Amino acid sequence: MALRIWASSTANALKLSCASKPHLSLSRCFSTVLDGLKYAESHEWVKHEGSVATIGITDHAQDHLGEVVFVELPEPGGSVSKGKGFGAVESVKATSDVNSPISGEIIEVNTKLSEAPGLINKSPYEDGWMIKVKPSSPTELESLMGSKEYTKFCEEEDASH
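Each value, and the rule that gives it
- Residues numbered from 1 in each chain as written.
- Predicted model: local features only at pLDDT ≥ 70, side-chain atom pairs only at ≥ 80, totals over all residues.
- Heavy atoms only, no water.
- Core = buried A, V, L, I, M, F, W, Y, C linked by side-chain atoms within 4.5 Å.
- Buried < 20%, exposed > 50% of the residue type's maximum accessible area, 1.4 Å probe, protein only.
- Helix = DSSP H or I, 4+ residues; strand = E, 2+ residues; numbered from the N terminus.
- Phe/Tyr/Trp six-rings, centres within 6.5 Å; stacked < 30°, edge-to-face > 60°.
- Lys NZ or Arg CZ within 6 Å of the ring centre and 35° of its normal.
- Patch = residues over 30% accessible without salt bridge, like charges linked within 9 Å, V, L, I, M, F, W, Y side chains within 5 Å.
- Areas by Shrake-Rupley, 256 points an atom, 1.4 Å probe, with all protein chains shown as cover.
- Salt bridge = Lys/Arg side-chain N within 4 Å of Asp/Glu carboxyl O.

Is there a simple way to explain the nonpolar core in this structure?
Side chains that are nonpolar tend, in soluble globular proteins, to be buried together. Residues Ile57, Val89, Ile120, Met130 and Ile131 are the most contacted members of the largest nonpolar core, which totals 24 residues. With three residues, the single largest contributor to this core is strand β5 (residues 52-57). If you look at the next biggest cluster of nonpolar residues, it comprises 10 residues, including Trp129, Tyr150, Phe153 and Cys154.

Would you explain the packing of aromatic side chains in this entry?
The relation between two aromatic rings is expressed through the spacing of the ring centres and the mutual angle of the planes. In the structure shown here, the tally under the stated rule is three aromatic pairs. These aromatic residues form a ring-pair network of at least three members: Tyr39, Tyr150 and Phe153. Directly above the aromatic system of Trp129 lies the positively charged group of Lys132, at a separation of 4.9 Å from the ring centroid.

Which parts of the structure should I look at to understand a nonpolar patch on the surface?
Taken together, Val69, Phe70 and Val92 make up a surface patch of nonpolar side chains, about 270 Å² in accessible area. Within the secondary structure layout, Val92 lies in the loop between β8 (85-91) and β9 (95-99). Given the relative accessible area of 57%, Val92 is considered exposed.

See the structure below:
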C-alpha cells in the first residue's frame with residue numbers, strides 16, 4: 001500500500017495520470033497518461049503543435065499489446081481520416097490496426113520504427129510516435145479526451161474486462 005501511495009504521489013508531482021485497476025501487478029497498474037495530449041477511445045494520442053499533429057499509440061495500448069515486433073506505417077503525402085486505420089502494430093500477442101484520431105495529410109512517418117519497433121514500448125509518447133499530420137479539420141481535436149477523461153476511460157474499460 002505504501003508503494004502505491006508513493007507511486008501515486010510521484011505521478012502527481014510529475015503531472016502524470018495513472019490508469020489503474022485493483023488486483024493487477026504494479027507494473028500494469030500505472031500506465032502513463034500525459035497532460036497536454038488528446039486521446040481517442042481506440043487508444044491513440046495526438047500532440048497538436050502549431051500546424052502539425054503528432055500521433056501514436058498510448059502507453060496503455062502498448063502495455064496491453066506486449067512487446068512490439070513490427071510496425072506498418074503509411075507513406076508521407078497520403079491522407080488519414082478520423083476513425084479510419086492508417087497502419088498496424090504487431091506484437092508477440094496480436095496484431096492491431098491503428099486508427100487516426102483526426103483527419104489530415106501525412107507529412108512525416110517515424111522511419112525509426114521499421115528498424116526498432118520496440119521504441120513504441122520504451123517511449124510511446126516520444127521516440128515511439130508514428131505519424132505527423134497536417135490537420136484538415138482542427139476542430140476534430142475537440143471531440144477527443146483530455147488526460148483525466150482518458151484515465152477514467154481506461155479504468156472503466158479495464159474494470160469491465
